[in-house]
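Geometric and topological summary
For reference, the chains in residue letters:
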Amino acid sequence: MTDAAELRRRTHELLAAHPPATTDRLDFLRARFDAGLACVHYPEGLGGLGAPRSLQAVVDEELAAAGAPDNDPRRIGIGLGMAAPTVLRYGTDEQKSRFLRPLWTGEEVWCQLFSEPGAGSDLAALGTRAVRDGEDWVVDGQKVWTSSAHLARWAILIARTDPDAPKHAGITYFICDMTDPGVEVRPLRQITGEAEFNEVFLTGVRIPDHHRLGEVGDGWRVAQTTLMNERVSIGGMRLPREGGMIGPVAKTWRERPELRTHDLHQRLLKLWVEAEVSRLTAERLRQQLNAGQPGYEGSGMKLAFARLNQEISGLEVELRGEEGLLYDDWTMRRPELVDFTGRDAGYRYLRSKGNSIEGGTSEVLLNIVAERVLGLPAEPRTDKDVPWKDLAR
């Protein structure tokens, strides 16, 4: 059993062999992965040591104290939070060996080709087709709201492989090469002026069968692993006290007493408490993950994340008065990462509107919490057993 003392010893050995001050950043990250100190709960040889997930903090603290570089997790959040857990659970040995190391080091950015113009909340209704052709699959279709597609080397993709099966049963999960000539990425400009999202057109994209994850037709089950991890990574991220949206509002309140009113004070107190409760609940959720895979509790956390961000950013705009109506820059950008708390109050207010859509709409997540956490009766679904090709569109 690998314990905290053993992890500290291994970390010190890594630092001695690869001093952060004199070692190239990428070389250090590769060495850390090979030493099993990237994600200690991963299997040996795949960035981990088979140790309890909770012991990762021991490694991180030692490396931070030594000034070691990290892998810029916000830039590669889709790879770390969604692709890696799915590859680890469903991938072949060859797939794990090929993809996990450059994913974790940030050498290869990943994106998620799930949502479509006609299949967002009802994701299982997706129409992108994958047709078997020898040892390849030929994929045609359109995806939308794809974060980081303009940066990505690889994508996790779900496509329709059996239109005669009910919509949940005829889906297969693939790893798609974003450099394929049949992949076209177009920016989607958002209300913030940026284009962190994209629409992706797939035309005759050939995916080798050895880039399939899971069995043919079992893609919906594989996708659930991705989606549950996505909601945890969005709603359950680790924050310090007054981290996230509540931080800028609290800072303004302390520094600008002339803006205060009794009503704003009461609303701020309420939201501050809710943000702290949410932060501590997210910490408990991460501790539960130490015992296994994420459950549907992540849906509840993502719900809270969206609601709080929208209420807090709205309060901030009101607190700042006329200043809150200003906007710093409408220049079209294609950012490398999503910064929910970046820029000014106007940006935070506008960007938070997307929080109740991305990563699962709040309406869908409410159903998930009601049915799968609280055990309430499911809503009637008349299309559940109907072949996909017969669905009204």
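This report concerns the structure included in the present document.

Conventions we followed
Residues numbered from 1 in each chain as written. Predicted model: local features only at pLDDT ≥ 70, side-chain atom pairs only at ≥ 80, totals over all residues. Heavy atoms only, no water. Helix = DSSP H or I, 4+ residues; strand = E, 2+ residues; numbered from the N terminus. Rg over C-alpha atoms; globule rule 2.2 N^0.38 Å. Buried < 20%, exposed > 50% of the residue type's maximum accessible area, 1.4 Å probe, protein only. Contact = heavy atoms within 4.5 Å. Areas by Shrake-Rupley, 256 points an atom, 1.4 Å probe, with all protein chains shown as cover. Lys, Arg positive; Asp, Glu negative; His and termini not counted. Charge placed at Lys NZ, Arg CZ, Asp CG, Glu CD. Patch = residues over 30% accessible without salt bridge, like charges linked within 9 Å, V, L, I, M, F, W, Y side chains within 5 Å. Salt bridge = Lys/Arg side-chain N within 4 Å of Asp/Glu carboxyl O. Axes fitted to C-alpha atoms, helices over the stretch in contact; angles between N-to-C directions. Left-handed = near helix turned anticlockwise from the far one by under 90°. Nonpolar A, V, L, I, M, F, W, Y, C, P; charged D, E, K, R; others polar. Pairing = 2+ DSSP bridges. Phe/Tyr/Trp six-rings, centres within 6.5 Å; stacked < 30°, edge-to-face > 60°. Lys NZ or Arg CZ within 6 Å of the ring centre and 35° of its normal.

Turning next to the overall build of the protein chain. Across its full length, the protein chain carries eleven helices and eight strands. Taken over the C-alpha trace, the protein chain has a radius of gyration of 22 Å; the compact-globule value for 393 residues is 21 Å, and the two agree within 12%. By its C-alpha atoms, the protein chain is 70 × 60 × 45 Å across when sized along the principal axes. The burial tally for the protein chain puts 51% of its 393 residues in the buried class. When contacts within the protein chain are restricted to residue pairs at least 6 apart in sequence, long-range pairs at least 24 apart make up 71% of them. Carbon together with sulfur atoms contributes 53% to the accessible area of the protein chain, which is approximately 18,500 Å² in total. Once the 50 positive and 59 negative side-chain charges of the protein chain are each reduced to a mean point, those two points are 2 Å apart.

Let's shift gears to a nonpolar patch on the surface. Taken together, the side chains of Val373, Leu374 and Leu376 make up a nonpolar region of the molecular surface, amounting to roughly 280 Å² of accessible area. Summarising the element assignment, leucine 374 is placed in the segment after helix H11 (362-373). Classification of leucine 374 by relative accessible area gives exposed; the value is 59%.

Attention now moves to the pattern of salt bridges. Counted according to the given criterion, the structure contains 42 salt bridges. In this structure, arginine 132 and aspartate 209 form a salt bridge, with 3.7 Å as the shortest nitrogen-oxygen distance. Highlighted residues: arginine 132 in strand S2 (residues 129-133) and aspartate 209 in the loop between strand S7 (197-208) and strand S8 (212-213), separated in sequence by 77 residues. Note on arginine 132: relative accessible area 39%, which makes it partly exposed. Connected via shared salt-bridge partners are Arg256, Glu258, Glu316, Arg320, Glu323 and Arg348.

This part covers the packing of helix H9 (residues 297-320) against H11. Between H9 and H11, whose axes approach to 9 Å, the crossing angle comes to 145 degrees. H9 and H11 meet at a crossing whose hand is left-handed. Together, Ser299, Gly300, Lys302, Leu303 and Ala306 of H9 and Ser362, Leu365, Leu366, Ile368 and Val369 of H11 make up the contact between the two elements. Counted by class, the contact of H9 with H11 contains six nonpolar, three polar and one charged residues.

The element strand S5 (residues 171-177) is largely enclosed, with a buried count of six among its seven residues. Pairing of S5 with S8, which is carried by two bridges, proceeds in the antiparallel orientation. From the neighbouring strand, tyrosine 173 faces S8, where its bridge partner is leucine 213.

Turning to the packing of aromatic side chains, a few remarks are in order. Tallied over the entire structure, the rule returns eight aromatic pairs. Ring plane angle 80 degrees and centroid distance 5.5 Å describe the contact between phenylalanine 99 and tryptophan 110, whose orientation is recorded as edge-to-face. Residue phenylalanine 99 is found in helix H5 (residues 93-105), and its partner tryptophan 110 is found in strand S1 (residues 110-113); the two are separated by eleven residues along the sequence. Given a relative accessible area of 2%, tryptophan 110 falls into the buried group. Centre to centre, the rings of tyrosine 327 and tryptophan 330 are 4.0 Å apart; their planes meet at 25 degrees, and the pair counts as stacked. For tryptophan 330, a relative accessible area of 44% gives the class partly exposed. An aromatic cluster is defined as three or more aromatic residues linked by ring pairs; in this entry it consists of Phe99, Trp110 and Trp154. When the ring centre of tryptophan 154 is taken as origin, the NZ or CZ atom of arginine 153, which lies over that ring, is 4.2 Å away. Note that arginine 186 overlies the ring of phenylalanine 201, its terminal NZ or CZ placed 4.1 Å from the centroid.

Time to look at helix H2 (residues 25-34). Here H2 has its buried residues at Phe28, Leu29, Ala31, Arg32 and Phe33. Looking one or two residues beyond H2, the residue adopting positive phi is glycine 36, at roughly 80 degrees.

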